[in-house]
Amino acid sequence: MNITHNGLRIEYESDGDEHAPAVVLTMGLGMQLTAWPTALVQAIVQAGYRVIRFDNRDIGLSSELDHLGVPNIGWQVVRSRLGLAVRSPYSLQDMAQDAIGLLDALGVQRAHLVGVSMGGMISQRIAATVPGRVLSLTSVMSSSGAPGLPGPRADVSRALLKRPRGRRPEDVAAHALNLFRMIGSPAFPQDMPAFEQRVLADAVRSYRPAGEARQLLAVVSDTRRHTVLKGIVCPTLVVHGTADPLVPLACGQDTAARIAGARFESIEGMGHDWPPGVAALLASHIVPHLHAAQAST
């Protein structure tokens, strides 16, 4: 299913009763709506909620924006490290407006937000932009973007800037699996046969390296998000893994510290992925948070 907002097609899926309280799941950099763990989606639906997942702009089956050009990521990252302005074709605030437009199109007046990584940043932006429409916020493996926070491990940064050997789905999937092995959760085993099948299916569904690069620039250029987090007034849960090599633990801790009343939960041995054990723990944190926020409305 898809809607059109501000000239962009946004692909989405909806699970559960359409009249139930809505939970909007926003995925991270370069990731499609299909990356959400089925067990987590089902746990939220079974708890009495409608789950709305969508492909961010430039990824999956949502509009591609190749007319904006292919950015020189290396040069823009250098500019960022030198404290210079980063030129991004669009911003995380623009991506937040996409999600708000999706809610408008679906007639959802208020919703719970759950975002992972870049999706957590977008969800933070939504909660700060339209606080009256947000019932709760859950920010997972994400960051406030504040200056001075630690960045990815050096080998992970290098891997992020590499590209697959070719554009065949098998090449794209092999590249993605290599990255996930680097950023995965050391304390939680992955169901590799099922995971490899899902990663390959995602590569067949869509492969947009230029879109991922533009999304990355939107993240790098979002240098003032930490200043708006004080405007978030909804019940907020921040969850982060202690073994995250992509977005270190301090980034989640800082996010929670900047949002009034936010609750912080760390998961020992969790990296930057969601194998079955992590998905189960996330559900055990998120569902009670949703219930508590819903009860307070």
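Residues numbered from 1 in each chain as written. Predicted model: local features only at pLDDT ≥ 70, side-chain atom pairs only at ≥ 80, totals over all residues. Heavy atoms only, no water.

Student: Just checking my understanding: could you explain the side chain of Ser 185 for this structure?
Tutor: Tracing the sequence through the fold places Ser 185 in the loop between helix 6 (169-183) and helix 7 (192-205). In terms of polar contacts, Ser 185 uses its side chain to reach the side chain of Asp 273, at 2.6 Å. Excluding anything up to four places from it in sequence, Ser 185 contacts Gly 269, Met 270, Gly 271, Asp 273, Pro 275 and Val 278. (Helix = DSSP H or I, 4+ residues; strand = E, 2+ residues; numbered from the N terminus. Polar contact = N/O pair within 3.5 Å; in protein donor to acceptor, adjacent residues only side chain to side chain. Contact = heavy atoms within 4.5 Å.)

Student: For this particular structure, what's the right way to read the nonpolar core?
Tutor: As a rule of thumb, soluble globular proteins bury nonpolar side chains together. One finds Leu 25, Trp 36, Ile 44, Trp 274 and Leu 282 to be the most contacted residues of the largest nonpolar core, which totals 39 residues. Listing elements by their share of this core, those giving two or more residues are strand 3 (22-26), helix 1 (38-46), strand 5 (111-116), helix 5 (154-161), helix 6, helix 7, strand 7 (236-241) and helix 10 (276-295). The biggest single contributor to this core is helix 10, with 6 residues. Residue contacts for Trp 36: discarding those within four places in its chain leaves Leu 25, Thr 26, Met 27, Val 41, Arg 53, Val 114 and Val 116. Grouped together as the second largest cluster of nonpolar side chains are 33 residues, Ile 100, Leu 102, Met 118 and Cys 234 included. (Core = buried A, V, L, I, M, F, W, Y, C linked by side-chain atoms within 4.5 Å. Buried < 20%, exposed > 50% of the residue type's maximum accessible area, 1.4 Å probe, protein only.)

Student: Can you help me understand the pairing of strand 5 in this one?
Tutor: Working note: regular strand, side chains alternate between the two faces of the sheet. Counting buried residues along strand 5, 6 of its 6 residues qualify, which places the element largely inside the surrounding structure. Neither face of strand 5 is exposed, since Ala 111, Leu 113 and Gly 115 on one face and His 112, Val 114 and Val 116 on the opposite face are all buried. With 5 bridges joining them, strand 3 and strand 5 adopt parallel strand pairing. Among the inter-strand pairings, Thr 26 is bridged to a residue of strand 5, identified as Gly 115. This β-α-β element, strand 5 to helix 4 (residues 118-129) to strand 6 (residues 134-140), shows right-handed connectivity. (Pairing = 2+ DSSP bridges. Right-handed = clockwise from strand over helix to strand, strands pointing away.)

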